[in-house]
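Structural overview
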Amino acid sequence: MIEAWAYEKLKEDIGQKRYIHSIGVMNTSMELAKIYKADEEKAKIAGLFHDCAKFREKRNLLKMATEFDIILDNVMERNVELIHGPLGAEVAKRIYNIYDEEILSAIRYHTTGKEDMSILDKIVFIADYIEPNRKFEGVEEVRQLAYRDLDKSLIKAMDNTIVFVVKSGDLIHLDTIKARNYLKIRKDLE
């Protein structure tokens, strides 16, 4: 159960716009948990706090990651947008008293994915991508897929993300490649 103070603290830390997004991810995570028979309370918590390290005032994420003893790979050091996943897992633990490893994993990997994701990891990853406030080319197709075939929606979302990252000239995190390939191989074997 999420206590009232945590909602207020989260809104204060991440700002109104990001908070609205987080509520959307929370609600979408709960809907998907119901469909895929996952723990709805864990989905609610992970969805709400997935962006808890996207602070409104631009704190030094690299410095914070170092203070929290988070070891960043060379991709995260160059693409600071990815740091809020692993940093968020630590913030969730240290500030919001969330200690459930499944929830922390879903927060940690909601931006990159990982090989052999749990059902909760998958739900929060795709909920972040498709929540109702998201509006970009290709989101509607992934949104519809998510309610029919979770793994197919993840593959499509990762494909779209990889193309976007390549076009923008940024680095692709290896966890995303591993996650996509793992899902693709499993789907091909079905």
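To be clear, the structure that these remarks concern was listed above.
Attention in this report is confined to the structure presented alongside it.

Notes on the side chain of K42
Residue position: K42 is located in helix α3 (residues 40-49). In this structure, K42 is in contact with D100, E102, I103 and L120, ignoring residues within four places of it in sequence.

Considerations on helix α7 (residues 101-108)
Every buried residue of α7 is listed here: I103, L104, S105, A106 and I107. In the core, the buried residues of α7 are packed alongside α3, α6 (84-94) and α8 (119-130). Here α7 starts with a cap whose side-chain oxygen sits 2.9 Å from the backbone nitrogen of E102, and that cap is D100.

Let's talk about the packing of helix α9 (residues 139-146) against helix α10 (residues 150-168)
The geometry of α9 relative to α10 is characterised by a closest axis approach of 7 Å and an angle of 160° between their N-to-C directions. By the criterion of interaxial angle, the relationship of α9 to α10 is roughly antiparallel. For the pair α9 and α10, the sense of crossing is left-handed. Between α9 and α10, the residues in contact are E141, V142, L145 and A146 and L150, K152, S153, K156, A157 and N160, respectively.

Calculation criteria
Residues numbered from 1 in each chain as written. Predicted model: local features only at pLDDT ≥ 70, side-chain atom pairs only at ≥ 80, totals over all residues. Heavy atoms only, no water. Helix = DSSP H or I, 4+ residues; strand = E, 2+ residues; numbered from the N terminus. Contact = heavy atoms within 4.5 Å. Buried < 20%, exposed > 50% of the residue type's maximum accessible area, 1.4 Å probe, protein only. Polar contact = N/O pair within 3.5 Å; in protein donor to acceptor, adjacent residues only side chain to side chain. Axes fitted to C-alpha atoms, helices over the stretch in contact; angles between N-to-C directions. Parallel < 35°, antiparallel > 145°, perpendicular 65-115°, else oblique. Left-handed = near helix turned anticlockwise from the far one by under 90°.

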